[in-house]
Amino acid sequence: MIFYQKKLLLTVIALMATATINTACGNSNNEENNQSASSVSRNDTRSSGYIEKASITDNEGKTWVPLEPAIASLGYRMKDETSNGGYAKIGFSDVMYMLRPDSRQVFSLGEKFSIPEPPQRRNGHIYMTTASLSKLLQTEVGWNPENGEIAINTPSEPKGTTAANRAGTGMASQGNTIRIQSASVDTTQLISYAKRFLGVPYEFGAGPYEESKTFDCSSFTRHVFKKYGVNLPRLAKDQDNQGRRVSRSELAPGDLIFFTVPGRFRSDAIPGHVGIYMGNGKIIHTWGDPGVQISNLDTGYWSNVTLHMQRVL
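## Details of the pattern of salt bridges
Turning to step 1, where the next piece is worked out: Counted according to the given criterion, the structure contains ten salt bridges.
Turning to step 2, where the next piece is worked out: Measuring nitrogen to oxygen at the nearest pair gives 2.1 Å for the salt bridge that ties Glu203 to Lys79. One end of the pair, Glu203, is in the loop between helix 5 (187-195) and helix 6 (209-212); the other, Lys79, is in strand 5 (residues 77-80), and 124 residues separate them in sequence.
Turning to step 3, where the next piece is worked out: Taking the relative accessible area as the measure of exposure, Glu203 reaches 24% and is therefore partly exposed.
Turning to step 4, where the next piece is worked out: Of the charged contacts in the structure, one is a salt bridge between Asp80 and Arg121, with a shortest N-O distance of 3.1 Å. One end of the pair, Asp80, is in strand 5; the other, Arg121, is in strand 10 (residues 120-122), and 41 residues separate them in sequence.
Turning to step 5, where the next piece is worked out: Of the residues examined, Asp80 reaches a relative accessible area of 35% and is grouped as partly exposed.
Turning to step 6, where the next piece is worked out: Accessibility expressed as a relative area gives 41% for Arg121, which makes it partly exposed.

Here's what the structure looks like:
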């Protein structure tokens, strides 16, 4: 018991120490009200910590914190479309979490469920209680009222959907409509169709292409495959559940390539980006500027963050 107490104390001390570092590591911003840093505890659970001075305590004693700096401490981005009747969308290369002010219903990593308290708009910003934020992110959120420190464990993939559990099954998830090893799709035509969108702008959380004329990584792959009757889920992490794994030597045009975003999740085995293999060591995907683009798979940045390959046709 004493050993575990000492271990916990050391972890807390390490987290508090790194949280006071402004820009030496992790993510930071220039707002006077927030100082953020990232750390790794002694049990290798990545955490982010920052000081929040804009918290609000209501009449019931519940503490509310602004959502955006909490999200930024994890390296995520947020797109707030709630003023137009949409959602606040949160994620990295594609949307992983969605919510609306005054609604307890949220979307988190492909699941829809209720959180304890609905988000509220205060002082022009979206606020959440730490309990609701913890439920939304499906991770632990700690709050120290004495110094305003917030510590958030890096979110992990839900149990039962890890890459290790899926690898080697050769099967798609039950209940999906995707076709496996279908001979009806001409991959040459699929690649040619994908190339029509070269230069289409990247937009985080892009709506349907027909309306937005933009893509994010997974909406692009979804749009291209839908043209040929293959229905992919909206998120890269869920597209990763489809089809079967193939090796680099087996890779063929039309296969999906999944990439890790190092440090973005508790496990780097969780995909944060997806593209389509074109053949000849090339992928077509969308990422920042100039939007839809062609990149090398075996050299440069993407060769160092390739996670695995998946055949869905």
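Past the structure itself, the notes keep going.
## Notes on the packing of helix 5 against helix 7 (residues 217-226)
Turning to step 1, where the next piece is worked out: Remark: helix 5 packs on helix 7, axes separated minimally by 10 Å, with the N-to-C direction vectors making an angle of 130°. It follows that helix 5 is oblique to helix 7 by the angle criterion. By crossing handedness, the relation of helix 5 to helix 7 is classed as right-handed. Across the interface between the two elements, Leu190, Tyr193 and Ala194 from helix 5 touch Phe220, His223, Val224 and Phe225 from helix 7.
Turning to step 2, where the next piece is worked out: Within the contact of helix 5 with helix 7, the residues separate by chemical class into six nonpolar, one polar and no charged.

## Comments concerning the environment of Arg244
Turning to step 1, where the next piece is worked out: Its location among the elements puts Arg244 in strand 14 (residues 244-246).
Turning to step 2, where the next piece is worked out: On the basis of relative accessibility, which here comes to 22%, the residue Arg244 falls in the partly exposed class.
Turning to step 3, where the next piece is worked out: As a C-alpha pair, Arg244 and Asp255 span eleven residues in sequence and 9.9 Å in three-dimensional space.

## Focus on the sheet that holds strand 6 (residues 88-91)
Turning to step 1, where the next piece is worked out: The antiparallel open sheet is built from five strands, whose spatial order is 5-6-7-8-9. With partners counted over all chains shown, the strands left at the sheet margins are strand 5 and strand 9 (111-114), one partner each. With strand direction ignored, the average angle separating the axes of adjacent strands in the sheet is 20°.

## Brief notes about the sheet that holds strand 16 (residues 271-279)
Turning to step 1, where the next piece is worked out: The antiparallel open sheet is built from six strands, whose spatial order is 14-19-15-16-17-18. Bordering the open sheet on either side are strand 14 and strand 18 (292-296), each of which pairs with just one other strand. Averaged over all pairs of adjacent strands, the angle between their axes in this sheet comes to 40°, without regard to strand direction.
Turning to step 2, where the next piece is worked out: Strand direction decides the pairing type here: strand 16 and strand 17 (residues 282-286), joined by three bridges, are antiparallel. Among the inter-strand pairings, Tyr277 is bridged to a residue of strand 17, identified as Ile283.
Turning to step 3, where the next piece is worked out: Against the sheet, helix 5 engages strand 16 and strand 17, with an angle of about 120° to strand 16.
Turning to step 4, where the next piece is worked out: The sheet contacts of helix 7 involve strand 15 (256-260), strand 16, strand 17 and strand 18, and relative to strand 16 the element is tilted by about 40°.

Basis of the calculations
Residues numbered from 1 in each chain as written. Predicted model: local features only at pLDDT ≥ 70, side-chain atom pairs only at ≥ 80, totals over all residues. Heavy atoms only, no water. Salt bridge = Lys/Arg side-chain N within 4 Å of Asp/Glu carboxyl O. Helix = DSSP H or I, 4+ residues; strand = E, 2+ residues; numbered from the N terminus. Buried < 20%, exposed > 50% of the residue type's maximum accessible area, 1.4 Å probe, protein only. Axes fitted to C-alpha atoms, helices over the stretch in contact; angles between N-to-C directions. Parallel < 35°, antiparallel > 145°, perpendicular 65-115°, else oblique. Left-handed = near helix turned anticlockwise from the far one by under 90°. Contact = heavy atoms within 4.5 Å. Nonpolar A, V, L, I, M, F, W, Y, C, P; charged D, E, K, R; others polar. Pairing = 2+ DSSP bridges.

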